[in-house]
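Structural overview for review
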Amino acid sequence: MKLTCKEASRLISVGLDTKLSLSDRAALRLHLALCDACNKVKAQFQFMRRALSAYTKLDD
Amino acid sequence: MTSTASPPVEIRDLEKHRRAMLKFAILQLRNETYAEDCVQEALTAAIQSADRFAGDSSVRTWLIGILKHKILDHFRKASREQAVTVSDEESSLDDFDGLFKEDGHYIEPPAPWANPEQALSQSEFFEVLERCLQALPNVTARVFTMREVMGVTTDEICTELGITANNCWVLIYRARMSLRECLEKRWFAAGHTAASS
């Protein structure tokens, strides 16, 4: 299955919260191997997670 | 001569964490009265169990952990009294159609974020993050912060709030896309990347 960026961005998000199906994982991996924009979005989603984790430890 | 070890947490020291706890609770609950109630309950619980604080984490982390449980209790109670309803607007993905061409690929590829890790050492960045979180619609914000700030699994969120897994993932996706856009506009594209605090 070939993904669009729109579909890939959703799968990136879902994949941060649950284990994707084998076919979704393969499709996403293939898409990310070819798409710079979606790699950026994935890195930005992961950064936001780190930022929110750091937010709860502020002024610790 | 024997020395007595000081207790790992002094009860009188707990009060100094109230302001930070209140800030955390308001972000989750979006209601100052509920937030104050949860913080008070958390501090009371902390005082009652102060002798069990092992010192493995900082006092703040320990208190925030107790507060998270109190906030979750509040959410449980609230969703038992009134079911959470996800509006059509909040469960739709149409808002983001403008980012994509008809073939589903980006019209404008997302801009790279310069030195994002550096932002984590700047208090102004967290003020922007807070404002971006406050701009999220209510149910979206609740689901997103339960997942990302409080570490609740999506299965537990669905159970606690009585929403479907698909709704949950859509809300979290919407939150991430909105937050990404907001941080880009208010921080990364605004040239805040040089450390200033």
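Refer to the structure presented above.
We now turn to the structure provided with this report. None of the values given here were measured: they were computed from a predicted structure.

1. Section: the overall build of chain A
Of the regular secondary structure elements, chain A holds 3 helices and 0 strands. Starting at the N terminus, the α and β elements of chain A follow one another as α-α-α. When the 60 residues of chain A are sorted by exposure, 47% land in the buried category. Considering only intrachain contacts with a sequence separation of at least 6, the fraction spanning at least 24 residues in chain A is 53%.

2. What to know about the overall build of chain B
Helix and strand counts for chain B come out as 10 helices and 0 strands. Along chain B, helices (α) and strands (β) appear in the sequence α-α-α-α-α-α-α-α-α-α when read from the amino end. A burial count over chain B gives 42% of its 197 residues as buried. Taking all contacts inside chain B whose residues are at least 6 apart in sequence as the whole, residues at least 24 apart take part in 73%.

3. Observations concerning the state of the cysteines
For the structure shown, the criterion picks out 1 disulfide over all chains. For Cys-132 of chain B, the disulfide goes to Cys-182 of chain B, at an S-S distance of 2.1 Å. Here the S-S torsion is close to -80°, and the disulfide linking Cys-132 of chain B with Cys-182 of chain B is therefore left-handed. Separated by 50 residues along the polypeptide, Cys-132 of chain B in helix α7 (residues 123–134) and Cys-182 of chain B in helix α10 (residues 165–188) bring together distant segments of the chain. There is no split in this pair, since Cys-132 of chain B and Cys-182 of chain B are both buried. Counting only cysteine sulfurs, Cys-35 of chain A is the nearest neighbor of Cys-38 of chain A, a cysteine outside any disulfide, at a range of 3.6 Å.

4. Here's the deal with the packing of aromatic side chains
In the structure shown here, the tally under the stated rule is 10 aromatic pairs over all chains. Residues Phe-125 of chain B and Phe-126 of chain B carry aromatic rings whose centres are separated by 5.4 Å and whose planes lie at 80° to one another, so their mutual orientation is edge-to-face. Put simply, the rings of Phe-47 and Tyr-55 of chain A together with Trp-113, Phe-125, Phe-126, Trp-187 and Phe-188 of chain B pair up and form one aromatic cluster.

5. Notes on the interface of chain A and chain B
Taken together, the contacts link 30 residues of chain A with 45 residues of chain B. Across the interface of chain A and chain B, roughly 3400 Å² is buried in total on both sides, 65% from carbon and sulfur atoms. It is Phe-47, Leu-52 and Tyr-55 of chain A in chain A that bury the most area against chain B; as a group they hold 21% of the surface buried on that side. Remark: the boundary between chain A and chain B carries 5 salt bridges. The shortest N-O distance in the salt bridge between Arg-50 of chain A and Glu-117 of chain B comes to 2.4 Å. Remark: the boundary between chain A and chain B carries 13 residue pairs in polar contact (both at pLDDT 80 or more). Looking at the side of chain A that touches chain B, the elements with two or more residues in it are α1 (5–17) and α3 (36–55) of chain A.

6. Concerning a negative patch on the surface
Together, Glu-32, Glu-36, Asp-37 and Glu-41 of chain B make up a negatively charged patch on the protein surface. Residue placement: Glu-36 of chain B occurs in helix α3 (residues 32–48).

About the thresholds
- Residues numbered from 1 in each chain as written.
- Chains lettered and ligands numbered in written order.
- Predicted model: local features only at pLDDT ≥ 70, side-chain atom pairs only at ≥ 80, totals over all residues.
- Heavy atoms only, no water.
- Helix = DSSP H or I, 4+ residues; strand = E, 2+ residues; numbered from the N terminus.
- Buried < 20%, exposed > 50% of the residue type's maximum accessible area, 1.4 Å probe, protein only.
- Contact = heavy atoms within 4.5 Å.
- Disulfide = S-S within 2.5 Å.
- Phe/Tyr/Trp six-rings, centres within 6.5 Å; stacked < 30°, edge-to-face > 60°.
- Buried area = accessible area lost by both parts, 1.4 Å probe.
- Salt bridge = Lys/Arg side-chain N within 4 Å of Asp/Glu carboxyl O.
- Polar contact = N/O pair within 3.5 Å; in protein donor to acceptor, adjacent residues only side chain to side chain.
- Patch = residues over 30% accessible without salt bridge, like charges linked within 9 Å, V, L, I, M, F, W, Y side chains within 5 Å.
- Areas by Shrake-Rupley, 256 points an atom, 1.4 Å probe, with all protein chains shown as cover.
- Lys, Arg positive; Asp, Glu negative; His and termini not counted.
- Charge placed at Lys NZ, Arg CZ, Asp CG, Glu CD.

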